[in-house]
Amino acid sequence: MTDWHGGLALKSRQLLALLLTVGRDGISSERAAHFLWGGDQPASAPQMVRCHVMKLRSTLGRNRQWIKHCGATGYRLEARDGEVDAWVFERLLHQAQRSLDRGAPAKALQHLEAATALWRGDFALRDVCTIVELEAEAARLEELKSQAEELAIEAHLLQGNAHGIIPRLMSLVIRHPLREVFLRQLMLALSATGRHIEAAATYQKARKQFIEQVGMEPSTATARVHEGILQGEHWRKLMPRPLTSVLRAEFDTYPGIPFARAS
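The next subject is the nonpolar core. Counting residues in each nonpolar core, the largest one holds 29 residues, and the members touching the most others are Leu15, Leu19, Val49 and Ile67. When residues of this core are traced back to their parent elements, those giving at least two are α1 (10–22), α2 (29–37), α3 (45–60) and β3 (74–77). Considering every element that reaches this core, the biggest residue donor is α1, with 7 residues. Sequence-distant contacts of Val49, defined by excluding residues within four places in its chain, comprise Leu15, Ser29, Ala32, Ala33, Leu36, Trp37 and Tyr75. Listed in part, the 24 residues of the second largest apolar core include Leu183, Met187, Ala189 and Phe210.

Put into structure tokens, the structure is as follows:
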């Protein structure tokens, strides 16, 4: 559901994004109108929501039945499994986490490659997130994308591919200078390839940046990796499991944030 909605008006695309975000919890027409127009909504806003629903159904064509009524005036999206990229992405991400937990980094990488291939660029909901709730959902998805990157690097490290991921890690540390997982992973990768001095220097450079930008030292976990490198410990002993964790208790029931239940 990523390429077919380009001809829809902004409000229709935003309504679609809201339906995708709330999942099977659904959203009432009144609540949808509040999100779409805020305090400046016209008197006919609920009727306009229905018009946008009709446009969405028309665009969906043979899949128009995905948008169903719920509650007295609400709607929900019931797409088939595998049809919504965001939901598939999260499922693959959790499968990758479980594969790593089971000691299967190669399988984890397969899941992660399939997950990241679903993205179009680096930003989620870019053309519709002028609504606060959609901006929040976009931030959540982008955070999960960063966690997917962390998991992929962890899998590469476990497979002995430290040399191959160093260029990518250097780029990530520059793009996300305060994200300590990438910093620790770069230090570990450098140490794994015998570049211990560079690993220690990477920590010192980041520490200086942390103090200057936020007035804080790196975390205990990051300092521990640095200390271990200075003491000559093997990099695998400095690699905690898990380096990252993306498991959510509610994922096994259904993705989506119930911020706007239908009434």
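Before going further, it helps to spend a moment on the layout of surface pockets. The computed volume of the second largest pocket comes to approximately 360 Å³. For the lining of the second largest pocket, the secondary-structure elements that each account for two or more residues are α5 (105–116), α6 (132–158) and α7 (162–175). The biggest single contributor to the lining of the second largest pocket is α6, with 8 residues. A per-class count over the lining of the second largest pocket returns 7 nonpolar, 4 polar and 9 charged.

With 2 bridges connecting them, strand β1 (residues 27–28) and β3 associate as antiparallel partners. Paired with Ile27 across the strands is Tyr75, a residue of β3. When strand β2 (residues 67–70) meets β3, the two strands line up antiparallel, connected through 4 bridges. Following the sheet pairing, Ile67 is matched in β3 by Leu77.

Moving on: the packing of helix α9 (residues 196–214) against helix α10 (residues 220–230). Closest axis-to-axis distance for the α9/α10 pair is 10 Å, and the angle between their directions is 150°. Taken together, the axes of α9 and α10 are roughly antiparallel relative to one another. Where α9 crosses over α10, the two elements pack in a sense that is left-handed. Of the residues in α10, those in contact with His196, Ala199, Ala200, Tyr203 and Gln204 of α9 are Thr222, Ala223, His226, Ile229 and Leu230.

We now examine the confidence of the model for the protein. For the protein, the mean per-residue pLDDT works out to 86, and 88% of the residues sit at or above 70. When the criterion is pLDDT under 50, residues 245–263 qualifies, and its contacts beyond four places in sequence or with other chains add up to 56 contacts.

Before going further, it helps to spend a moment on α5. Under the 1.5 Å per step criterion, the end-to-end length of α5 is 16 Å for 12 residues, consistent within 8% with the ideal 16 Å. Pro105, Ala108, Leu109, His111, Leu112 and Ala115 are the residues of α5 that are buried. With its buried residues spanning 165° around the axis, α5 presents them on a single face. Looking at the packing, one finds that the buried side of α5 touches α4 (85–101) and α6.

Scanning the model with the defined rule gives 1 aromatic pair in all. Between Phe89 and Trp119, the aromatic rings sit 5.6 Å apart at their centres with planes inclined by 75°, giving edge-to-face as the arrangement. Of this pair, Phe89 sits in helix α4 while Trp119 sits in the loop between α5 and α6, and the two are 30 residues apart along the sequence. Overall, the relative accessible area of 2% leaves Phe89 in the buried class. Looking at Lys145, its charged tip hangs above the ring of Trp119, at a distance of 5.5 Å from the centre.

Definitions and limits used
- Residues numbered from 1 in each chain as written.
- Predicted model: local features only at pLDDT ≥ 70, side-chain atom pairs only at ≥ 80, totals over all residues.
- Heavy atoms only, no water.
- Core = buried A, V, L, I, M, F, W, Y, C linked by side-chain atoms within 4.5 Å.
- Buried < 20%, exposed > 50% of the residue type's maximum accessible area, 1.4 Å probe, protein only.
- Helix = DSSP H or I, 4+ residues; strand = E, 2+ residues; numbered from the N terminus.
- Contact = heavy atoms within 4.5 Å.
- 1 Å grid on protein atoms, 1.4 Å probe; cavity = no way out; pocket = protein on both sides within 12 Å on 5 of 7 lines; lining within 4 Å.
- Points joined across faces, edges and corners; volume = space filled by probe spheres on them.
- Nonpolar A, V, L, I, M, F, W, Y, C, P; charged D, E, K, R; others polar.
- Pairing = 2+ DSSP bridges.
- Axes fitted to C-alpha atoms, helices over the stretch in contact; angles between N-to-C directions.
- Parallel < 35°, antiparallel > 145°, perpendicular 65-115°, else oblique.
- Left-handed = near helix turned anticlockwise from the far one by under 90°.
- pLDDT = per-residue confidence, 0-100.
- Expected span 1.5 Å × (residues − 1).
- Arc of directions from axis to C-beta.
- Phe/Tyr/Trp six-rings, centres within 6.5 Å; stacked < 30°, edge-to-face > 60°.
- Lys NZ or Arg CZ within 6 Å of the ring centre and 35° of its normal.

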